[in-house]
Amino acid sequence: MLKTIIKKNAYKDSVVLMLLTNEIAALEGVNRVSIMMATAANKDIFGQADLLTEDVASAAADDIAIVMDVNEAETVDVVMDAIEEFLNKSDKEDGATQTTVVRNWDNALKALPDANLAVFSIPGIYAADEADTALDKGLNVFLFSDNVSLEDEVRLKEKAHQLDLLVMGPDCGTGIIAGVPIAFTNKVQQGTIGVVGASGTGIQEVTTLIDKAGEGISSALGTGGRDLNEAVQGITMLDSIHHLQAQADTKVIMVVSKPPSKVVQEKIENYLRTLDKPVVTLFLGAKPTHHERNIYHAYTLEEAAKAAVALSEGKNPRELDMNRPAVAPIASLEGSVIKGYYSGGTLASEAAMLIEEALELPKGGKKPHGFMLNHDGFEVIDLGDDEYTQGRPHPMIDPSKRIELMKEAAKDPRTGVVLFDVVLGYGSHADMAGSLAPTILELMQEARQANRDLQFVATICGTQRDPQDLAAQTQILQDIGVFVAESNAHAVLTSLQYLGFNVQYTQLPVEENAITEKIELPYSEAITDLISASPKIINVGLKSFADNLEDAGATTIQFDWRPLAGGNPKMIKALKFLNSYHFN
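Numbering of residues begins from 1 in every chain and follows the order in which that chain's sequence is written. Whole-chain, interface and lining totals are the exception, using all residues; otherwise, since this is a predicted model, local features are given only for residues with pLDDT of at least 70 and side-chain atom pairs are given and counted only at 80 or more. To obtain the side-chain values, all non-hydrogen atoms of the structure were included, while hydrogens and water were left out.

Colleague: Which parts of the structure should I look at to understand the packing of aromatic side chains?
Modeller: The geometry of an aromatic ring pair is captured by two quantities: the separation of the ring centres and the angle between the planes. The aromatic pairing rule takes the rings of Phe, Tyr and Trp, using the six-membered ring of Trp, and pairs them if the centres are within 6.5 Å, calling planes under 30 degrees apart stacked, those over 60 edge-to-face and the rest tilted. In total, this model carries eight aromatic pairs according to the counting rule given. Plain terms: the ring middles of Trp105 and Phe559 are 5.1 Å apart, the flat faces sit at 70 degrees to each other, and that makes the pair edge-to-face. Of this pair, Trp105 sits in helix α5 (residues 105-111) while Phe559 sits in strand β22 (residues 555-559), placing them 454 residues apart in sequence. Considered together, Trp105 and Phe559 belong to a single accessibility category, that of buried residues. Note on Phe144 and Phe545: the rings are 5.0 Å apart at their centroids and 90 degrees apart in plane angle, and the pair reads as edge-to-face. One end of the pair, Phe144, is in the loop between β6 (140-143) and α7 (150-162); the other, Phe545, is in helix α19 (residues 543-551), and 401 residues separate them in sequence. Taken together, the aromatic side chains of Tyr11, Tyr126 and Trp561 make up a single cluster linked through ring pairs. Counting from the N terminus, the helices are the DSSP runs of H or I reaching at least four residues and the strands are the DSSP runs of E reaching at least two. Here's how the labels work: a residue is buried when its accessible area is under 20% of the maximum for its type, exposed when over 50%, partly exposed in between, all with a 1.4 Å probe on protein chains only.

Colleague: How should the pattern of salt bridges be read in this particular structure?
Modeller: Charged atoms that come close allow side chains of opposite charge to pair. Basic side-chain nitrogens of Lys or Arg form a salt bridge, by our definition, when they fall within 4 Å of a carboxyl oxygen of Asp or Glu. Considering all chains together, one arrives at 25 salt bridges under this definition. Across the salt bridge formed by Lys159 and Asp136, the nearest N and O atoms sit 2.6 Å from each other. Here Lys159, found in helix α7, pairs with Asp136, found in helix α6 (residues 124-136); they are 23 residues apart in sequence, far enough to count as distant. Assessed through its relative accessible area of 23%, Lys159 is described here as partly exposed. Note that Asp227 is salt-bridged to Lys157, the shortest N-O span being 2.7 Å. Of this pair, Asp227 sits in the loop between β11 (217-222) and α9 (235-246) while Lys157 is found in helix α7, placing the two residues 70 residues apart along the sequence. Given the relative accessible area of 1%, Lys157 is considered buried. When salt bridges with common partners are traced through the structure, they connect Asp132, Asp136, Asp152, Arg155 and Lys159 into a single cluster.

Colleague: Got a minute to help me understand unusual backbone geometry in this structure?
Modeller: Glycine aside, the phi torsion of most residues is negative, and most peptide linkages are trans. With an omega of 5 degrees, the peptide bond between Gly169 and Pro170 qualifies as cis. With respect to the element layout, Pro170 can be found in the loop between β7 (167-168) and β8 (174-177). A positive phi is found at Gln233, a non-glycine position, where the angle reads about 70 degrees. Take Gln233: it is sitting in the loop between β11 and α9. A positive phi angle, near 55 degrees, is found at Glu360, a position not held by glycine.

Colleague: Sorry if this is basic, but what is going on with the sheet that holds strand β3 (residues 64-70) here?
Modeller: To summarise the sheet geometry, strands pair through backbone hydrogen bonds and adopt either a parallel or an antiparallel arrangement. Strand order in the open sheet formed by three strands is β1-β3-β2, and the pairing between neighbours is antiparallel. The sheet terminates laterally at β1 (2-7) and β2 (30-37), the two strands that pair on one side only. Geometrically, the sheet is characterised by an average inter-axis angle of 15 degrees between neighbouring strands, direction not taken into account. One requirement defines pairing of two strands: DSSP has to find at least two bridges between them. Across six bridges, β1 lies against β3 in antiparallel orientation. When the sheet's bridge partners are listed, Lys3 is paired in β3 with Met68. Only heavy atoms enter the contact rule, under which two residues are in contact if any of them lie within 4.5 Å. All axes here are fitted lines through C-alpha atoms, helices being fitted over the stretch that makes contact, and every angle between N-to-C directions spans 0 to 180 degrees. Packing of helix α1 (residues 14-25) onto the sheet brings it into contact with β2 and β3, and relative to β2 it is tilted by some 165 degrees. Seen against the sheet, helix α2 (residues 40-48) touches β2 and β3 and runs at an angle of roughly 165 degrees to β2.

Colleague: I'm lost on the sheet that holds β6 in this one. Help?
Modeller: Within the open sheet, the six strands sit side by side as β4-β22-β21-β5-β6-β7. Their pairing is parallel. Two strands in the sheet have a free side with no partner beyond their single neighbour: β4 (100-102) and β7. Sheet topology places β4 next to β22; three bridges connect them, and they run parallel. Counted as the bridge partner of Val101 is Gln558 from β22. Across the sheet, α19 touches β5 (117-120), β21 (536-540) and β22, and the angle it forms with β22 is around 170 degrees.

Colleague: Is there a simple way to think about the pairing of β2 in this case?
Modeller: For a regular strand, side chains alternate in direction, first toward one face of the sheet and then toward the other. Of all eight residues making up β2, six are buried, and the element is well covered by its neighbours. Across seven bridges, the pairing between β2 and β3 is antiparallel. Along β3, the bridge assignment pairs Met37 with Ile64.

Colleague: For this particular structure, what's the right way to read the pairing of β8?
Modeller: Burial along β8 is two-sided: Thr174 and Ile176 and Gly175 and Ile177, pointing in opposite directions, are all buried. Here β8 folds back onto strand β9 (residues 180-183), and the loop between the two strands holds two residues, one of which, Ala178, carries a positive phi near 50 degrees.

Colleague: How should the packing of α6 against α7 be read in this particular structure?
Modeller: Helix-helix packing is described using two parameters, namely the angle between the two axes and the distance between the axes. Contact geometry of α6 with α7 gives a least axis separation of 11 Å together with a crossing angle of 5 degrees. Classified by the interaxial angle, the pair formed by α6 and α7 is roughly parallel. Across the interface between the two elements, Ala128, Asp129, Ala131, Asp132, Leu135 and Asp136 from α6 touch Asp152, Arg155, Leu156, Lys159 and Ala160 from α7. Counted by class, the contact of α6 with α7 contains five nonpolar, no polar and six charged residues. Roughly parallel means an angle under 35 degrees; roughly antiparallel means over 145; roughly perpendicular covers 65 to 115; every other angle is labelled oblique. Under this grouping Gly is polar, as are all residues other than the nonpolar Ala, Val, Leu, Ile, Met, Phe, Trp, Tyr, Cys and Pro and the charged Asp, Glu, Lys and Arg.

Colleague: What am I meant to see in a negative patch on the surface here?
Modeller: Candidates for patches are residues over 30% relative accessible area with no salt bridge; among them, like charges are joined within 9 Å and nonpolar side chains (Val, Leu, Ile, Met, Phe, Trp, Tyr) within 5 Å. Every accessible area reported is derived by Shrake-Rupley at a probe size of 1.4 Å, with residue values counting cover from the shown protein chains alone. In this tally, Asp and Glu contribute negative charge and Lys and Arg positive charge; neither His nor the terminal groups of the chain are included. For the purpose of locating charges, the reference atoms are NZ of Lys, CZ of Arg, CG of Asp and CD of Glu. A grouping of Glu23, Glu72, Glu74, Asp77, Asp81 and Glu85 is seen on the molecular surface, where their side chains present a negatively charged patch. A total of four residues in the negative patch trace back to one element, the largest contributor, which is helix α4 (residues 73-95). As for its position among the elements, Glu85 is in helix α4.

Colleague: Honestly, the side chain of Asp398 in this entry has me stumped. Any pointers?
Modeller: In this fold, Asp398 is placed in the loop between α13 (386-389) and α14 (400-411). The exposure class of Asp398 is buried, given its relative accessible area of 7%. For Asp398, the side chain forms a polar contact with the side chain of Ser400, separated by 2.9 Å. Those residues within four positions of Asp398 in sequence are excluded, and the remaining contacts are Asn22, Arg392, Pro393 and Met432. Throughout this description, a polar contact denotes any pair of N or O atoms lying within 3.5 Å of each other; where both atoms belong to protein, one of them has to be capable of donating a hydrogen while the other can accept it, and for residues adjacent in sequence the pair is counted only when both atoms sit in side chains.

This is the structure:
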């Protein structure tokens, strides 16, 4: 039976409610449960799950909606006791923080008058208006929030450019600003390589590989996935590159992105050709045909990281040998398939690209249901796709969906290799390797008992400085027989070699491309200051982000955000207009 509970005016951020949902779902007698704020977008999710009751439909956006499918009425009391205990504990932890907490912009700026960055992780339907307010107050913006319209993104970025400010995002999952890790980010050492990237795990992969190679990052500036869309015109990427070029601490600039609009790519590359610092580019999925005098065009995230390290050390990246000794094919795996289950979308995209090349498959792009590759038994799935994260924690936090798919893969007699990632760092599961290991060990033992070879291959994106401890996570998997690769590309190529496919890197020629357009960009004191010293941050939304920033030593104010006017977007806009209108 379905039971609905509405907690009025009880706003909690999405991560808290997702973790709460996981805990309640594990209780005996609970068949299904969904706990979310009753926003319009979340009501759609309730509806898709056949959990949209009349009480949920009539709830306000700042109400917590709890819908549970239970066997017995008595279970409801057990569930509600558990929910109250969880929320009370969460409130106590929030109260124990050393971070100053405020409830409005005026108090935030009084508490931190020299703030220069606002980090947003609030529902997308409110994020654009709040970001607009931050720009008006002279703050650069980091928009972790997604579901911001393309129209709003263009408006915000054009406004920021006119105000000599930077908007990173929306849907910006990762950033490192003057050594300070923001959102889902790893702890890497500071150094001389500046990164500008449209992706989250793409930035995480290259920055952690650079760290492992002994070099460091000056800043890694996220742009959001649509910045290189023709409508946006690469505003954030160009401004970011421009200011890293002017920064004395940055010796090498790296650009990481999925293939952009051709018009925008030409615009970006035209500007890169005018720089006096060496550049590494990676437009993931587009295989380069040549390098240029000051631009090294990489094909994989690992190659991009190694090229940047070589340049920072004054070496020629074109002399790098990217090939490793091949592992021996496993005869029994001939004709088998690879199934890859990823928490990182960019890592999944790279895996699909490399498998497509080895199998000489047509490049089909992203497919439904999170599939990056789905061909004749070969699978690569991005478990961070909306289909898998609506109303449930991201796979970087929750291993349950990946465990389910690994079990399904092991039942398929065609499966020879199960490929997966473990992403460490702020925001990620405290022990993902430990959570996955029992299932993997069980599946490997079952395969051996059935006289089958079943290989598990992992890539771990992280550093020794991360809270989860890279060495410990690696050891957990190696102890049960998982092959732990040095990078995602290494993991994919090793998986292919087990099946008898061997992909080799080849050196590319150097050719010069003409500059077809001169781009003049102004220098901004506000952006220069942002990337030159530890930022002063107003964190609007997820309390866990403030805790991570505090741990990293950044000066941070926590804006305890709540939607105004019961979360009604029209009323919020009206209130904002009235508050900004001054009578003479």
